[in-house]
Amino acid sequence: MISDKYISTSSNKSSEITFLRLSVGVLLLIILVEGMVLQKTLGMEKTVIVPPVIEKSFWVSGNEVSKNYLEQMLATWTPSWETSVQAPDARCLLSVSSI
């Protein structure tokens, strides 16, 4: 009687251990696949700064940009010849540098 009870619980434990091992294996496989997908997509997001007013079409691809993009960005960030640019006051520079 006691041996029958021991054999049934032993086989039950064996099947439970097999199930848990398979579960851990599947979870490890899922983690591995997710890690590979994350590694591949890491760094694919880029932020592209565009001029406030788009006058011509342009393209940005990887580390390359079109000539129209450069021209529009140059026109946006350089002051026009009509606007006079004044040098900052020397006192402002001294007060900022002393902070």
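Up top is the structure these notes are about.
### Details of the packing of aromatic side chains
Aromatic ring pairs are reported here in terms of the distance separating the ring centres and the angle at which the planes meet.
Okay, so step 1: Under the definition given, this model contains one aromatic pair.
Okay, so step 2: Plain terms: the ring middles of F58 and Y69 are 5.1 Å apart, the flat faces sit at 55 degrees to each other, and that makes the pair tilted. Taken together, the residues F58 in the loop between α1 (2-41) and β1 (60-61) and Y69 in helix α2 (residues 67-77) connect sequence positions 11 residues apart.

### Notes on the side chain of Q72
Okay, so step 1: Mapped onto the elements, Q72 comes out in helix α2.
Okay, so step 2: With residues up to four places along the chain from it excluded, the contact list for Q72 reads P51, V53, I54, E55, K56 and F58.

### Re the side chain of S66
Okay, so step 1: In this structure, S66 sits in the loop between β2 (64-65) and α2.
Okay, so step 2: Residues within four places of S66 in sequence aside, it is in contact with F58 and W59.

### Quick look at α2
Structurally, the α-helix is built with 3.6 residues per turn, so residues lying three or four positions apart point the same way.
Okay, so step 1: Among the residues of α2, Y69, Q72 and M73 are the ones counted as buried. Along the axis of α2, the buried residues cluster in a sector spanning 100 degrees; they form a single face. In α2, those exposed residues whose orientation departs by more than 90 degrees from the buried face are K67, L74 and A75.
Okay, so step 2: Packing partners of the buried residues in α2 comprise β1 and β2.

Calculation criteria
Residues numbered from 1 in each chain as written. Predicted model: local features only at pLDDT ≥ 70, side-chain atom pairs only at ≥ 80, totals over all residues. Heavy atoms only, no water. Phe/Tyr/Trp six-rings, centres within 6.5 Å; stacked < 30°, edge-to-face > 60°. Helix = DSSP H or I, 4+ residues; strand = E, 2+ residues; numbered from the N terminus. Contact = heavy atoms within 4.5 Å. Buried < 20%, exposed > 50% of the residue type's maximum accessible area, 1.4 Å probe, protein only. Arc of directions from axis to C-beta.

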